[in-house]
Structure formats: structure tokens, C-alpha cells
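Structure assessment
Read off the chains here:
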Amino acid sequence: LRSEFFKLAAWPSCLAQSASAKGLWDTQKGKSYKDLDEKHWASEIINALTNLNIVEGYEDNTVGLNKNIIRAEILKLLLDAYALRIYLDEHDDINFTTYDKEAVLKEVFADSLAKYEKSPFSDISELNKPWFYNYAIIAYDLGITKGTKNSLFNGDEYATRLEAATMVYNFF
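Residues numbered from 1 in each chain as written. Predicted model: local features only at pLDDT ≥ 70, side-chain atom pairs only at ≥ 80, totals over all residues. Heavy atoms only, no water.

**Regarding the overall build of the protein**
Convention followed: Secondary structure elements are defined from DSSP: runs of H or I of at least 4 residues count as helices, runs of E of at least 2 residues count as strands, and each element is numbered from the N terminus. For this measure, only C-alpha atoms enter the radius of gyration; the expected value for a globule follows 2.2 Å times N^0.38, where N is the number of residues. The cut-offs for exposure are 20% and 50% of the maximum accessible area for each residue type, with area from a 1.4 Å probe on protein chains only; residues under the lower value are buried, those over the upper are exposed, and the others partly exposed. Here a residue-residue contact requires only that any non-hydrogen atoms of the pair lie within 4.5 Å. All accessible-area figures derive from a Shrake-Rupley calculation using a 1.4 Å probe, and residue coverage is judged against the displayed protein chains alone.
In terms of helices and strands, the protein carries eight helices and zero strands. Taken from the N to the C terminus, the helices and strands of the protein come in the order α-α-α-α-α-α-α-α. In terms of overall dimensions, the protein is globule-like: its C-alpha atoms have a radius of gyration of 16 Å, near the 16 Å expected for 172 residues. The principal-axis extent of the C-alpha atoms belonging to the protein is close to 45 × 35 × 30 Å. Here the protein, with 172 residues, has 45% of them falling under the buried criterion. Across the protein, the fraction of contacts at a sequence separation of at least 24, relative to all contacts at a separation of at least 6, is 71%. Carbon and sulfur atoms make up 48% of the accessible area of the protein, which amounts to about 9,300 Å² in all.

Dropping the structure here:
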């Protein structure tokens, strides 16, 4: 479930420590989600990740607590959290109203993105570029995932707990 993964996303990247050191780890509600009660066990981590622009929620103003998580969302959470941590370590000041996640991701992982003229996955390509294209390329380069059978990434498919745990493990 997505709620289980939110907590996992912050710790492997050491984002909580870096954000806390800069006074940015704020667990108070910044944005309200229709499906997130302040008493929910994951509310503090979701609030903090929302305040850091890692969690955005859905168009219907939910965070999808009880929804299953897809493979691409796992990588997005892990890699955005890690990229922000690197950014925080290298910059003294940050303005989240102008913070460009995509630009920071491309900067932090420029070497990974430059290595591949062609996608290593047969189901995504430069011509048929899904929203998670860069995340898939970076994850492949870092060894977080090698995809599924037949060189498929299957980014829009739900991840099992085993797949999610494997991605987090490989992230280290």
C-alpha cells in the first residue's frame, strides 16, 4: 500500500536527517488530503514529504493511502527524496515555491541519464516517453531495478511488497 511506502521513502535517502538539519522537516499539516486523518499512523511522514514537495497527492485531493502503489511511483518517491537530500546538502537556501524537482533530478543524476541513448526497457522509449522515463533510466543505471521478464519496466503496474522491498534494498 502507498501508506506503507511513504515512510520507507524518506529513510533510505537520509532526507529526514538533511531536512531536519536545515530546519525543514515539518510534520505539521501543510496541505489537506481528503483521505488523510491527522490520527493516521502515516500522517506525520506524509505531511513532511508534502511540505518538501516529494508527495503531491492526486487530482481528487487524496494521497491514495489505501491504494496499491505502482512501480514508477516507488522510484519517483525514492529518487525525488534522494535528489532533494543531495540538493539540501549542497545548497544553504531553498525556496519550495520555486523548487524544480525535475531539474534537480536531472542535475543530480546527469551521469546516469547521459549513459543511455536508448532505453534498456523494451516497453518505454524516447519516442513513447511516459512520465516516469527518467526515473526508469536512473533506477536501471543505479541497479535499483532491472525490470521484469523480457526487459519490460511495467511502470504502470502495481508493485508487490517483495518488489517494493527489493527496490528499497537495491537503493542502498
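What follows picks up the thread again.
**Quick look at the confidence of the model for the protein**
Fine structural detail should not be taken from predicted coordinates in areas where pLDDT scores are low. So the rule is basically this: For every residue, the predictor assigns a confidence score, pLDDT, that lies between 0 and 100.
Per-residue pLDDT for the protein averages 87, and the proportion of residues at 70 or more is 96%. Per-element averaging of pLDDT across the protein places helix α1 (residues 2-10) at the bottom with 72 and helix α7 (residues 133-142) at the top with 95.

**Observations regarding the pattern of salt bridges**
Quick note on the threshold: Salt bridges are counted wherever a side-chain nitrogen of Lys or Arg sits within 4 Å of a carboxyl oxygen of Asp or Glu.
The tally for this structure, following the rule as stated, stands at nine salt bridges. Taking the shortest distance from any N to any O, the salt bridge between Glu 56 and Lys 76 comes out at 4.0 Å. Placement of the pair is Glu 56 in the loop between α3 (43-51) and α4 (71-90) and Lys 76 in helix α4, with a sequence separation of 20 residues. Its relative accessible area of 44% is what places Glu 56 among the partly exposed residues. Residue Lys 106 is joined to Glu 102 by a salt bridge in which the shortest nitrogen-to-oxygen separation is 3.2 Å. Note that Lys 106 and Glu 102 are positioned in helix α5 (residues 101-108) at a spacing of four residues, about one turn of the helix. Taking the relative accessible area as the measure of exposure, Glu 102 reaches 47% and is therefore partly exposed. Among the charged side chains, a salt-bridge network with shared partners connects Glu 56, Lys 76, Asp 80 and Lys 101.

**Observations concerning the nonpolar core**
Our working definition: Put simply, buried Ala, Val, Leu, Ile, Met, Phe, Trp, Tyr and Cys residues joined by side-chain atoms within 4.5 Å make one nonpolar core.
Judged by nonpolar contacts, the single largest core of 50 residues is most densely connected at Ile 46, Leu 79 and Leu 84. When contributions to this core are tallied by element, the ones reaching two or more residues are α1, α2 (15-21), α3, α4, α5, α7 and α8 (161-171). Ranked by residues supplied to this core, first place goes to α4 with 11 residues. In this structure Ile 46 touches Phe 6, Tyr 33, Leu 36, Val 63 and Leu 65, once residues within four positions along its chain are discounted.

**Observations concerning the packing of aromatic side chains**
Our working definition: Only rings of Phe, Tyr and Trp enter the pairing, Trp through its six-membered ring, and a pair is recorded when the two centres are within 6.5 Å. The plane angle decides the type: under 30 degrees is stacked, over 60 is edge-to-face, the rest tilted.
Using the criterion set out here, one finds nine aromatic pairs in the structure. Ring centres of Tyr 87 and Tyr 99 lie 5.5 Å apart, and the angle between their planes is 70°; on these two criteria the pair is classed as edge-to-face. Placement of the pair is Tyr 87 in helix α4 and Tyr 99 in the loop between α4 and α5, with a sequence separation of 12 residues. The residues Tyr 87 and Tyr 99 share a single accessibility class, namely buried.

**Overview of the environment of Arg 2**
Within the fold, Arg 2 resides in helix α1. Along the chain, Arg 2 and Ser 20 lie 18 residues apart, while their C-alpha atoms are 24 Å from each other. Excluding its chain neighbours within four sequence positions, the residues that come into contact with Arg 2 are Tyr 58, Val 63, Gly 64, Leu 65, Lys 67, Asn 68, Ile 69 and Glu 73.

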